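# Observations on chain architecture
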Amino acid sequence: MIKVVQFGEGNFLRTFVDLYFDTLNKEGGDYKVNIVKPITFGTLDKFKAQNNKYHIVLRGVANGKPVEDVYGVDVLENVIDPFADIDAYYALAREDDLKIIVSNTTEAGICYNGNDKFDDFEGITYPAKLTKFLLERFNAGKGGVYLMPVELIDNNADELQKCVDKYIELWNLPEEFKKWNAENNFYCNTLVDRIVSGYPRTPEDIEKIEKLIGEPDKLVSIGEPFGLWAVEKKGEIDKYIKDGVHNIEVVLTENIKYYKKRKVRVLNGSHTNIVPVGLWEGAVTVYDCMTDEKLSNFLQDTLKEEIVPFVSDDIAATTVFADSIKERFLNPYLNHLLVSISLNSISKWRARDLPSFKDYYEKYGKIPAKLTIGFSYLMAIYSAIEKKGEEYIVKLPSREITIQDDKPYLEYFAAKKPLIDFMKDENVWGEDLTAYKGFYETVSENIEKIYKGTSLI
């Protein structure tokens, strides 16, 4: 048996990673996934009610015809809330069969906080929780594992390992543990690619899906048929991760940088840039953006002029990938809500769009017009945040939405603090964004136009 510990219970991991391991089981493998809830938010009641079983529906268009494939997933062994049952959490660390750890804690999840205390758990970062988990495994005399984070940051596993090393130093943990972590655990950078819209949103869609799968399912998740998982090849990972097509295509590679850069910039970058524009313009889903002439042209022009030319020297190959992205965005089944994609937009823009922005600026000596427009709409939305009870809401021209992001960011804008100071904050962006000539001034002017009802696209 091969056991997997998964930090995160969200739609993406269940529609991508868990379906992959479930597919391997149906092909004769023996995998068990144990989910760990990484934050206090949310409950696991739906898992308990359904005995950890659920369905995935992959919907798309193949050869011009609609495709709707249903998969029953029963690879989950246990779902653990460590905030309620810490003993079960540490028991996982002592499992002989544990070989793989995966995580999806958003781009903001892999971080280090020098104020984290070893005796704390609820208030510390994911890498801090992971450090304590690995220490438990070390103290139990168990072997190393393969860590495969899927968070969309450059060198995600390398960054995770750096954080773990920092916590080992911060907490003065044994030198033998530090050596064990370096020599026995393999931190494998990864790249994941599948658009997941999650649970159906409307009563009509819920009824359709329940009819399709044959029963009610509160955990059902909808995704596209396309799936790619590029994994850095280290150690003997091919004993546990099988390449080839197993519902998703898995590529074990010694150089993951191209796959990573292409996906993050082209798919995620275009996603992140169109979301605030689409929200303000009245679109609800990605499909709405692609079927609206103005929004679709804006997205395609952004790709062609400001993203694709800076991915690799082989512009033709990247263009082919970009064209496939547009086809995937036009999948009418996904119902991929813009407000869902807007989760943690600040860290997403930094990771997905700022690199393309910088490359364009360095080549042409000026800010890229369309990425600047996307950023302007993002800042217009955040600058309009109002606190309403425990929620942070924005009144768009067409409707009211709730913004979810790191609380300090939400509180900053709710307090109506200066935009220029936020753009200058290197802790937020990794650099001072106002250092790009004309960027702050253009964003400020754009926001004024947006608030006056002028469309920038």
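The structure this text deals with has already been given above.
What comes next is a walk through the structure. (Residues numbered from 1 in each chain as written. Predicted model: local features only at pLDDT ≥ 70, side-chain atom pairs only at ≥ 80, totals over all residues. Heavy atoms only, no water.)

### A short note on the overall build of the protein
So the rule is basically this: Comment: elements are numbered from the N terminus, with helices defined as DSSP H or I runs of at least four residues and strands as E runs of at least two. Exposure categories follow from relative accessible area, calculated using a 1.4 Å probe and restricted to protein chains: below 20% of the type maximum is buried, above 50% is exposed, and the middle band is partly exposed. Contacts between residues were defined by any pair of non-hydrogen atoms, one from each residue, lying within 4.5 Å. Values of accessible area rely on a 1.4 Å probe in the Shrake-Rupley scheme; residue burial ignores everything except the protein chains shown.
Of the regular secondary structure elements, the protein holds 20 helices and 17 strands. C-alpha extents for the protein along the principal axes are approximately 65 × 55 × 50 Å. When burial is assessed residue by residue, the protein has 54% of its 457 residues classed as buried. Contacts in the protein between residues far apart in sequence, at least 24 positions, make up 75% of those at least 6 positions apart. Counting only carbon and sulfur atoms, one obtains 47% of the accessible surface of the protein, whose full area is about 19900 Å².

### Concerning the sheet that holds strand 17 (residues 400–402)
Selection rule: Strand pairing is defined by DSSP finding a minimum of two bridges between the two strands. Here the axes come from fitting lines to C-alpha atoms, over the contacting stretch only for helices, and the angles between their N-to-C directions go from 0 to 180 degrees.
If you trace the three strands from one edge of the open sheet to the other, you get 15-16-17, paired in antiparallel fashion. Looking along the sheet, the strands with just one partner apiece sit at the ends: strand 15 (386–388) and strand 17. Averaged over all pairs of adjacent strands, the angle between strand axes in this sheet comes to 40°, irrespective of strand direction.

### Considerations on the packing of aromatic side chains
Note the threshold: For Phe, Tyr and Trp, rings pair up if their centres lie within 6.5 Å, where Trp contributes its six-membered ring, and each pair is then called stacked (planes under 30 degrees apart), edge-to-face (over 60) or tilted (otherwise). By the criterion adopted, a ring carries a charge over it if an Arg CZ or a Lys NZ lies within 6 Å of its centre and within 35 degrees of its normal.
The full count for this structure, using the stated rule, is 39 aromatic pairs. Ring geometry for F118 versus W171: centroids 5.3 Å apart, planes at 75°, classification edge-to-face. Residue F118 is located in the loop between strand 6 (98–103) and helix 5 (126–139), and its partner W171 is located in the loop between helix 6 (156–170) and helix 7 (175–184); the two are separated by 53 residues in the primary sequence. Exposure remark for F118: the relative accessible area of 32% places this residue in the partly exposed category. Looking at W171, the relative accessible area reads 12%, which means it is buried. Taken together, a centroid distance of 5.7 Å and an interplanar angle of 50° make the contact between Y146 and Y240 tilted. You can see Y146 sitting in strand 7 (residues 146–149) and its partner Y240 sitting in the loop between strand 12 (228–232) and strand 13 (244–246), a full 94 residues away along the chain. The two residues Y146 and Y240 agree in class, both being buried. Put simply, the rings of W349, F357, Y361, F375, Y382, Y409, Y412, F413, F422, W429, Y436 and F439 touch in pairs and so form one group of aromatic residues. Between R14 and the ring centre of Y54, over which it is positioned, the NZ or CZ distance is 4.8 Å.

### Some details on helix 6
The α-helix winds at 3.6 residues per turn, so residues separated by three or four positions along the chain end up facing the same way. Put simply, the rule is: Each helix should span, by expectation, one fewer than its residue count multiplied by 1.5 Å. To be clear, the arc concerns the directions from the helix axis to the C-beta atoms.
Relative to the 21 Å expected for 15 residues at 1.5 Å per residue, helix 6 spans 21 Å between its end C-alpha atoms, a close match to the ideal helical length. Listing the buried residues of helix 6 in full gives N156, A157, L160, Q161, C163, V164, Y167 and I168. Buried residues along helix 6 cover an arc of 160° about the axis, so they all sit on one side. Residues of helix 6 that are buried make contact with helix 5, strand 7, helix 7, strand 8 (186–187), strand 9 (190–193) and helix 9 (257–281).

### A short note on the sheet that holds strand 7
Here we have six strands laid out as an open sheet, ordered 5-2-1-6-7-8, and parallel in their pairing. Looking at the sheet topology across the chains shown, the edges are occupied by strand 5 (76–80) and strand 8. When strand 1 (residues 2–7) meets strand 6, the two strands line up parallel, connected through five bridges. Pairing of Q6 across the sheet is with V102, part of strand 6. Lying on the sheet, helix 2 (residues 17–26) is in contact with strand 1, strand 2 (31–36), strand 5 and strand 6; it crosses strand 2 at an angle near 160°.

### Quick look at unusual backbone geometry
The backbone of N51 sits at a positive phi, close to 55°, despite the residue not being glycine. With respect to the helices and strands, N51 occurs in the loop between helix 3 (45–49) and strand 3 (54–62). What makes N51 exposed here is its relative accessible area of 59%.

### Comments concerning the pairing of strand 7
What counts here: Whether a crossover is right-handed depends on one test, that the path from the first strand over the helix to the second runs clockwise when the strands point away from the viewer.
Of the two faces of strand 7, the one holding Y146 and M148 and the one holding L147 and P149 are both buried throughout. Where strand 6 and strand 7 come together, four bridges link them in parallel fashion. Considered in strand 7, the bridge of V102 is made with M148. For the crossover from strand 6 across helix 5 to strand 7, the handedness is right-handed. Sheet topology note: the strand 7/strand 8 ladder contains two bridges and is parallel. Its bridge partner being in strand 8, Y146 is matched across the sheet by F186.

### Focus on the state of the cysteines
Heads up, the condition is: Our working definition of a disulfide is a cysteine sulfur pair at a distance within 2.5 Å.
As enumerated under the stated definition, the model contains zero disulfides in all. With no disulfide of its own, C163 lies 6.6 Å from the sulfur of C111, the closest cysteine sulfur. Given the relative accessible area of 7%, C163 is considered buried.

### Overview of the nonpolar core
Applied cut-off: As used in this record, nonpolar core signifies buried Ala, Val, Leu, Ile, Met, Phe, Trp, Tyr and Cys residues forming a set joined through side-chain atoms within 4.5 Å.
The biggest cluster of nonpolar side chains holds 64 residues, and the ones touching the most others in it are M379 and F439. At nine residues, the largest contribution of residues to this core is made by helix 16 (residues 369–383). When sequence neighbours within four positions are dropped, the list of residues in contact with M379 reads I346, F413, L419, F422, W429, V443, I447 and Y451. Counting residues in each nonpolar core, the second largest holds 39 residues, with L58, I100, C188 and V250 among its members.

### Quick look at the environment of K211
Note that K211 resides in helix 8 (residues 203–213). Given the relative accessible area of 75%, K211 is considered exposed. As a C-alpha pair, K211 and L228 span 17 residues in sequence and 29 Å in three-dimensional space.

### Here we look at the packing of helix 4 (residues 86–93) against helix 5
Condition: Each angle is binned into one of four classes, with values under 35 degrees roughly parallel, values over 145 roughly antiparallel, values of 65 to 115 roughly perpendicular, and all other values oblique. Two helices crossing with the near one rotated counterclockwise from the far one by less than a right angle form a left-handed crossing, whereas a clockwise rotation gives a right-handed crossing. Only Asp, Glu, Lys and Arg are considered charged in this grouping, and only Ala, Val, Leu, Ile, Met, Phe, Trp, Tyr, Cys and Pro are considered nonpolar; every other residue, Gly among them, is considered polar.
Contact pair helix 4 / helix 5: the axes reach a minimum separation of 8 Å and the direction vectors enclose 60°. Comparing the axis directions of helix 4 and helix 5 gives the class oblique. Here the hand of the crossing between helix 4 and helix 5 comes out right-handed. Between helix 4 and helix 5, the residues in contact are Y89, Y90, L92 and A93 and K129, L130, K132, F133, E136 and R137, respectively. In the contact of helix 4 with helix 5, the residues fall into six nonpolar, no polar and four charged.

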